[in-house]
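Read off the chains here:
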Amino acid sequence: MRHTYTRPGSPAAVLRVRDEQDIAAALAYARREHLPLAVRSGGHGISGRSTNDGGLVVDLSLLASVTVLDAGSGLVRVGAGARWGDVAAALAPHGLAVSSGDTGDVGVGGLATAGGIGLMSRIHGLTVDQMRAAELVLADGSFVRTDDLHDPDLFWAVRGAGANFGVATAFEFRASPVDGVCVDVSVYDASDTAATLTRWGEAVQASPREVTSFLTLVTGEGGRPVAQAITVYAGTDLEAASRAMWHLRSVGPLLHNRLSATSYHRLVPAGHQPQRAQQPLSVTRSGLLHRLDTAATQAIAAVAEAAGIVQLRSVGGAVNDMPAAAMAYAHRSQNFSLMAATLPAFASDLDRRWEALTPHVDGLYLSFETRTGTRQLQDAFPGPVLPRLIELKAHYDPEHRFDNNFALPAGSA
């Protein structure tokens, strides 16, 4: 409970809260004792912001209920401390699912307030796109339920910048009908890394919306670069899936390939291993790209040489159907999300190579970025988003109690 997936923590106390009253009491105690405050929903916490040293951690893992409110319309209520694998398992008997990342061990609260780039995003959108209401404890200890009709400005902010505005306790989502998925796992020889990435990007964009693909660059036997693509077709028809994914066969020399049909909850199984900071690649960089042209992929290939892992996630499709002004997550024209991770000792080399990539990057996904400077804040919340968030922050959290994240500055942007 003290650590995250990437960061060891030494908080003075970890409080496993049971309800809104416990959270209000925890917030009052932290304020009275001038303690740093962190909130964790119980999952990975890749950015490391859900713990601290010498402060108070509010742990939401007991708030983990999953309730189907209306199976016909897909309306479900999910506790912020649940993990997405448990959500998938609970919704499966009803033929429902919420696209939510690629790992069942991820906590609901952190992902749902940041965005949620999942394995069915191109057909069902981001996790935040499916949110219909949120329940929070605010900095003053009051409890609110927010949606399009009640505190709509707060609801706008929660969907993309929620960690700045309160402690989320539960969400309502409109789950999608999902009877199963087809999963293609392909491993390519990526010796020509840039060309492999370019062809993968072209293949994804040529595929129908039912297809969402995540590609990871790793080092194979003998130090040879390899690329593993996990590609999901939203449906159980293997022949239709094979036709929809045919563009991916030309990405590069195939070292391994397997296509199978399964249930969504088996694709993202539940896991409850305690986080022990067992992932040493604790420095992460994030960027969003409109396209993977040759210049961009050459820069990404250089980044990969300094990173322990590089992953590209396809977005676009339904993600880009949402108007940019609809919520605080405003990145609605890009087609790819990029994440690179490395050891702290190699951070400067990664940053040098990342700087050469920046002309091709437009925005970032905040959960995969460990830097929190002004530049990153502006990349995460582009254009009119940041000024509006700063204005709302002054109203809902004037003392900046919730700042152990992408902290919003006081005053004008």
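Our subject is the structure listed above.
Worth saying up front: this structure is predicted, and the values here are computed from it rather than measured.

(A) How the structure looks around the sheet that holds strand β13 (residues 225-233). In spatial order, the strands read β14-β11-β13-β12-β16-β17-β15; together these seven strands make up an open sheet with antiparallel pairing. The strands lining the two open edges of the sheet, one partner per strand, are β14 (254-262) and β15 (283-289). Taking each pair of neighbouring strands and ignoring which way they run, the sheet shows an average axis angle of 15°. Bridge count between strand β16 (residues 309-314) and strand β17 (residues 336-342): six bridges; the pairing is antiparallel. Bridged to Ile309 within β17 is Ala341. Running over the sheet, helix α6 (residues 193-206) touches β11 (181-189), β12 (211-219), β13, β16 and β17 and is turned about 170° from β12.

(B) Highlighting the packing of aromatic side chains. Enumeration according to the criterion identifies six aromatic pairs in this entry. Note on Phe165 and Tyr396: the rings are 6.4 Å apart at their centroids and 75° apart in plane angle, and the pair reads as edge-to-face. On the criterion of sequence distance, the pair formed by Phe165 in the loop between α5 (152-161) and β9 (167-174) and Tyr396 in helix α12 (residues 385-396) is long-range, its members being 231 residues apart. The class for Phe165 is buried, based on a relative accessible area of 0%. Their ring planes at 65° and their centres at 6.3 Å tell us that Tyr329 and Tyr365 sit as a pair that is edge-to-face.

(C) Region of the structure containing the pairing of strand β4 (residues 66-70). Relative to strand β5 (residues 75-79), β4 runs antiparallel, the two sharing four bridges. When the bridges of β5 are listed, Thr67 appears paired with Arg77. Connecting β4 to the next strand, β5, in antiparallel fashion are four residues, including Gly74 with a positive phi near 85°.

(D) Region of the structure containing the nonpolar core. Ranked by internal contacts, the top residues of the largest apolar core, which has 86 residues, are Phe381 and Leu389. Once residues within four sequence positions are removed from consideration, Leu389 is found in contact with Trp156, Ala157, Ala161, Phe165, Ala328, Phe381 and Leu408. Core analysis: the next-biggest nonpolar cluster, separate from the first, contains 34 residues, Tyr188, Ile300, Leu312 and Leu350 among them.

(E) Up close: the pairing of β13. Two elements, β11 and β13, share eight bridges in a ladder whose sense is antiparallel. Paired with Asp189 across the two strands is Val226, which belongs to β13. Pairing of β12 with β13 involves nine bridges; the strand directions are antiparallel. For Ser213, the partnering residue across the bridge sits in β13 and is Thr231. Counted between consecutive antiparallel strands, the loop separating β12 from β13 contains five residues, among which Gly222 sits at a positive phi close to 70°.

Rules behind the numbers
Every chain is numbered on its own, with residues counted from 1 as its sequence reads. Selection of residues for local features in this predicted model requires a pLDDT of at least 70, selection of side-chain atom pairs for listing and counting requires 80 or more, and totals for whole chains, interfaces and linings are taken over all residues. The basis for the side-chain values is all heavy atoms of the structure; hydrogens and waters are excluded. DSSP-based pairing: two strands are paired if at least 2 bridges between them are found. Counting from the N terminus, the helices are the DSSP runs of H or I reaching at least four residues and the strands are the DSSP runs of E reaching at least two. Angular values range over 0 to 180 degrees, each being the angle between N-to-C directions of two axes fitted as lines to C-alpha atoms, with helices fitted over their stretch in contact. Residues are treated as being in contact if the distance between any of their heavy atoms lies within 4.5 Å. Aromatic pairing here means that ring centres of Phe, Tyr or Trp (its six-membered ring) are within 6.5 Å. Orientation follows from the plane angle: under 30 degrees is stacked, over 60 is edge-to-face, and everything else is tilted. Only protein chains enter the accessibility calculation, which uses a 1.4 Å probe; a residue is then buried when its area is under 20% of its type maximum, exposed when over 50%, and partly exposed in between. Residues belong to one nonpolar core when they are buried, are Ala, Val, Leu, Ile, Met, Phe, Trp, Tyr or Cys, and are joined through side-chain atoms within 4.5 Å.

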